[in-house]
Amino acid sequence: MDTQKVALVVGAQGVIGCNLIAHLRDQDDWNVVGLSRRGGESAGRTQHIAVDLLDKEDARAKLGGLRQVTHIFYAAYQHRPTWAELVAPNLAMLVNTLESIEPVAGNLQHVSLMQGYKVYGGHLGPFKTPARETDAHFMPPEFMFDQQTYLENRQQGKPWSWSGIRPAVVGGFALGNPMNLALAIAVYASMSKELGLPLRFPGKPGSYDKLLEMTDAGLLAKATAWAATDPRCANEAFNIGNGDLFRWSEMWPKIARYFDLEAAPPLPLSLTSVMADKADLWKQIAGKHGLAPHSFTDLSSWEFSDFVFSWDYDMFGDSSKARRFGFHEYVETERMFMDIFDDFRRRKVIP
Ligand SMILES: NC(=O)c1ccc[n+]([C@@H]2O[C@H](COP(=O)([O-])OP(=O)(O)OC[C@H]3O[C@@H](n4cnc5c(N)ncnc54)[C@H](OP(=O)(O)O)[C@@H]3O)[C@@H](O)[C@H]2O)c1
């Protein structure tokens, strides 16, 4: 029997997608096809395709031959300035993917949908914690509801199943992504050091002592692959967190120590504003320390970081459903941050 599975990772260059590919690449029973607009270098059992999923014709032309796909892992994302504007493009990309693949992939077994705590309204303000998969939806617009409803409807009567994966803020290696908190902290800390400043917490004072959760991108990749292949997870959603909680008041001084800096108390600084004139400073730092030639834009997710640091309310879910269904991995969040910073250093992204 052929046990080889073929993963279509949609959003292959994202902080979630690229770490999922790294995980699947290490498993002998997966071949991988990655989709993004920028594409990538195909190697071994991993193939990259450059496609604009907002363009129905492009999607059809580039994906219509992928008959061998057995699992779709959907983790693409289009950013827009308002919650309402996010709906149309993010639904269209999912629809164009399914409409291109499902009719040709005769052995399609599973569609995994990457979601998040937006499903619980975590981005809107104080919400019920710990958030659980059974919590009721709220008044839309919310693109994640539209995506899930579309998938649930399309799955009716089909041989494939779906799963919804709901991580907290994700930590992992990636470049050129609008939502990468660990990278933003690493760049902010490296600049603070260069300028002889302590590492000041740039968020709202009220966010410094609230409970927060993160999800390591490697752990998330394992959980995503598990939910896509364990029959018990068919048509279920799962919160996936590291398994611990933290407060910035405790984590921030540890991060400061990693960068050999003193921690300074909160001051609400808009990183979006203060970083607007820092491209030259980064160029100097990169030259001085022989860093890899990445553009400052590729290292910038200031808007997202401002958003995370503004959460002056608890932000965490209950991941026990995944454990009840059989996923028992965990990652210590402090270790996760330090490992990611080490990785950025190894790759010469930061000094
Ligand atoms: N990052 C987090 O902390 C986090 C936390 C919880 C939930 N989530 C959710 O997880 C999902 C993925 O997030 P992410 O942070 O991994 O996103 P991301 O880093 O912005 O990655 C998005 C991916 O989608 C691709 N893409 C965007 N537009 C495309 C298009 N028109 N055609 C083809 N590919 C396209 C991008 O590549 P190109 O730009 O090359 O096209 C990239 O590979 C989102 O729904 C997000 O809300 C993220």
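Refer to the structure presented above.
So, here's what we can say about the structure. (Residues numbered from 1 in each chain as written. Predicted model: local features only at pLDDT ≥ 70, side-chain atom pairs only at ≥ 80, totals over all residues. Heavy atoms only, no water.)

Digging into the pairing of strand β10 (residues 236–240)
Then comes step 1: Here β10 lies mainly inside the structure; four of its five residues are buried.
Then comes step 2: Across five bridges, the pairing between strand β6 (residues 161–167) and β10 is parallel. Residue pairing for β10: Pro167 is matched across the bridge by Ile240. (Buried < 20%, exposed > 50% of the residue type's maximum accessible area, 1.4 Å probe, protein only. Helix = DSSP H or I, 4+ residues; strand = E, 2+ residues; numbered from the N terminus. Pairing = 2+ DSSP bridges.)

A look at the sheet that holds β6
Then comes step 1: Strand order in the open sheet formed by seven strands is β3-β2-β1-β4-β5-β6-β10, with parallel pairing between adjacent strands. The open sheet is flanked by β3 (46–50) and β10, the only strands paired with a single partner. Pairs of neighbouring strands in the sheet enclose a mean axial angle of 20 degrees, with direction left out of account.
Then comes step 2: Inspection of the sheet shows strand β1 (residues 5–10) paired to strand β2 (residues 30–36) by six bridges, in the parallel sense. Each residue of the ladder has a partner; that of Val9, found in β2, is Gly34.
Then comes step 3: Across the sheet, helix α3 (residues 83–101) lies against β1, β4 (71–74) and β5 (110–114), angled at about 170 degrees from β4, the strand it touches most.
Then comes step 4: Across the sheet, helix α4 (residues 143–155) lies against β4, β5 and β6, angled at about 160 degrees from β6, the strand it touches most. (Axes fitted to C-alpha atoms, helices over the stretch in contact; angles between N-to-C directions. Contact = heavy atoms within 4.5 Å.)

Some thoughts on the packing of helix α7 (residues 248–258) against helix α12 (residues 333–346)
Then comes step 1: At a minimum axis separation of 11 Å, α7 and α12 run at an interaxial angle of 30 degrees. Compared by their axis directions, α7 and α12 come out roughly parallel. Along this stretch, α7 crosses α12, giving a crossing that reads as right-handed. On the side of α7, the interface is formed by Trp248, Met251, Lys254, Ile255 and Tyr258, while α12 contributes Thr333, Glu334, Phe337, Met338, Phe341, Asp342 and Arg345.
Then comes step 2: Broken down by class, the residue content of the contact of α7 with α12 amounts to seven nonpolar, one polar and four charged. (Parallel < 35°, antiparallel > 145°, perpendicular 65-115°, else oblique. Left-handed = near helix turned anticlockwise from the far one by under 90°. Nonpolar A, V, L, I, M, F, W, Y, C, P; charged D, E, K, R; others polar.)

Brief notes about helix α1 (residues 17–25)
Then comes step 1: Residues of α1 that are buried: Gly17, Asn19, Leu20, Ile21, His23 and Leu24.
Then comes step 2: Where α1 is buried, its residues touch β1, β2, β3, β4 and α6 (217–229).

As for the packing of helix α5 (residues 181–194) against helix α9 (residues 279–289)
Then comes step 1: With their axes 11 Å apart at the nearest point, α5 and α9 run at an angle of 80 degrees to one another. The angle between the axes of α5 and α9 places the two elements in the roughly perpendicular class. Counting all contacts with α5, which are made through Val187, Ser190, Met191 and Glu194, the residues of α9 involved are Leu281, Trp282, Ile285, Lys288 and His289.
Then comes step 2: Among the residues making up the contact of α5 with α9, the classes are represented as five nonpolar, two polar and two charged.

As for the environment of Tyr120
Then comes step 1: Summarising the element assignment, Tyr120 is placed in the loop between β5 and α4.
Then comes step 2: On the basis of relative accessibility, which here comes to 9%, the residue Tyr120 falls in the buried class.
Then comes step 3: With 20 residues separating them along the chain, Tyr120 and Pro140 place their C-alpha atoms 11 Å apart.
Then comes step 4: Those residues in contact with Tyr120 that lie beyond four places of it in its chain are Phe127, Ala131, Arg132, Glu133, Asp135, Phe138, Arg166 and Asn239.

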